[in-house]
Amino acid sequence: MSQGSGNKPNPVIDDAIRDMYGSLSEEIGFEQILHRLGGVFRSTISGLHSEDFGAHRSRLALVGDVTPQEYVQLTESYASRWHGENLWMVRSVEGFQQQGFQHGDAVVSAHELSQSPYYRHFLKPLDIRYGLGIQLWGGEGLDMAVASFHRGHRETGFDAEDVATIGAVRPHMMNAYAIYRRVARLERRIDSLRAGFDHAPLGIAALDGAGRVLEINVRAEERLLGSGLATLSPDRSLLFPHPQVRQAFDAALRDFAQPAAKPVALALRSMDGRPAQIALHLCAVPSGALSGFDGRTRILAFV
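Enquirer: Can you walk me through the sheet that holds strand β2 (residues 57-64) in this structure?
Expert: If you trace the five strands from one edge of the open sheet to the other, you get β2-β1-β5-β4-β3, paired in antiparallel fashion. At either end of the open sheet lies a strand with only one pairing partner, and these are β2 and β3 (101-103). The sheet shows a mean angle of 20 degrees between the axes of neighbouring strands, direction not considered. Of the pairings in the sheet, the one linking β3 to strand β4 (residues 130-138) comprises three bridges and is antiparallel in character. Within β4, the residue paired with H103 across the bridge is L132.

Enquirer: Hey, could you run me through the sheet that holds strand β12 (residues 299-302) in this one?
Expert: Within a beta sheet, neighbouring strands are joined by backbone hydrogen bonds and run either parallel or antiparallel to one another. Judged by pairing direction, the sheet is antiparallel, and its five strands sit side by side in the order β7-β6-β12-β11-β10 without closing on themselves. In the strand order of this sheet, the two ends are held by β7 (213-216) and β10 (264-269), each with one partner. Averaged over neighbouring strand pairs, the angle between their axes works out to 25 degrees when direction is ignored. Bridge count for β10 against strand β11 (residues 275-284) is five bridges, and the pairing is antiparallel. Paired with A267 across the strands is A279, a residue of β11. Packing against the sheet, helix α8 (residues 218-225) makes contact with β6 (204-207), β7, β10 and β11, and its axis sits at approximately 115 degrees to β7. Lying over the sheet, helix α9 (residues 243-256) contacts β6, β10, β11 and β12, oriented at roughly 160 degrees with respect to β10.

Enquirer: Teacher, can you tell me more about the environment of R274 here?
Expert: Tracing the sequence through the fold places R274 in the loop between β10 and β11. Judged by relative accessible area, R274 falls into the exposed class, the value being 55%.

Enquirer: Would you explain the layout of surface pockets in this entry?
Expert: The gaps left among the atoms become clear once a water-sized probe is rolled over them. Here the largest pocket defines a volume of roughly 460 Å³. Residue lining of the largest pocket: 21 residues in total, with S50, R59, A145, Y177 and R181 positioned closest to the centre. When contributions to the lining of the largest pocket are tallied by element, the ones reaching two or more residues are β1 (45-52), β2, α3 (68-80), β5 (143-151) and α7 (160-199). At six residues, α7 tops the list of elements feeding residues into the lining of the largest pocket. Here the residues of the lining of the largest pocket are counted per class, giving 10 nonpolar, three polar and eight charged.

Each value, and the rule that gives it
- Residues numbered from 1 in each chain as written.
- Predicted model: local features only at pLDDT ≥ 70, side-chain atom pairs only at ≥ 80, totals over all residues.
- Heavy atoms only, no water.
- Pairing = 2+ DSSP bridges.
- Helix = DSSP H or I, 4+ residues; strand = E, 2+ residues; numbered from the N terminus.
- Axes fitted to C-alpha atoms, helices over the stretch in contact; angles between N-to-C directions.
- Contact = heavy atoms within 4.5 Å.
- Buried < 20%, exposed > 50% of the residue type's maximum accessible area, 1.4 Å probe, protein only.
- 1 Å grid on protein atoms, 1.4 Å probe; cavity = no way out; pocket = protein on both sides within 12 Å on 5 of 7 lines; lining within 4 Å.
- Points joined across faces, edges and corners; volume = space filled by probe spheres on them.
- Nonpolar A, V, L, I, M, F, W, Y, C, P; charged D, E, K, R; others polar.

And the structure:
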């Protein structure tokens, strides 16, 4: 439960925190969290900054009052033209490290900000006058992830009430961002594995414990099914016309039903018994070990 001024529960903040975790269950992204918290901080445009202050590299994702065309232009220009020139970010590093947040007016005067090229060419066209940054993650050196919230020229700056709100929501923001990072890394690994499965020069098929084909890539289809060395039954069981190969495959399925089964290599033969000079390698897969594949996968077959 969050505490607002006077140590009273704040239902607005509590609802935002619940929505924050709920958005992670709906989609793997941080945009919905930024959008939800943007309402709490009265932010017209909110951002997720990946800032490496030591290497002067920056990336920015935005949500709020921007068109798709503006989004592309702004994110590209932030990374290429304005890296290292965001005075608010550069001056806030110490605040991020010491207290986990900083607001722009605490580190850059209104006059200095108005004279900076970054303000004139980036912030002012977006009607941004006030900025607040909340550190979500810190890596080695000066590598950080920061959520930013912004208010326009007709608004007031960030005050003590906003600082109290930061204290209530920042631990949850950091936790949500950690979840987001872990899932994003997992999705990248899954995408890499899927790309390897779909586009590898090696034939690959995923089988269940009974030898039914759950997934098969193009190369495996060509080498196994297109050559006539194997067929699929109506229930997608992998069938081998040569009895010797069929017996060896059935024996491998029985072995894979036992724990710690070793990989098996089958020399394939055509129906007339001639060696096909193609081997089928079978490996047991623990339940749930292959994220991104059918959960029933128990055997990987390589051709």
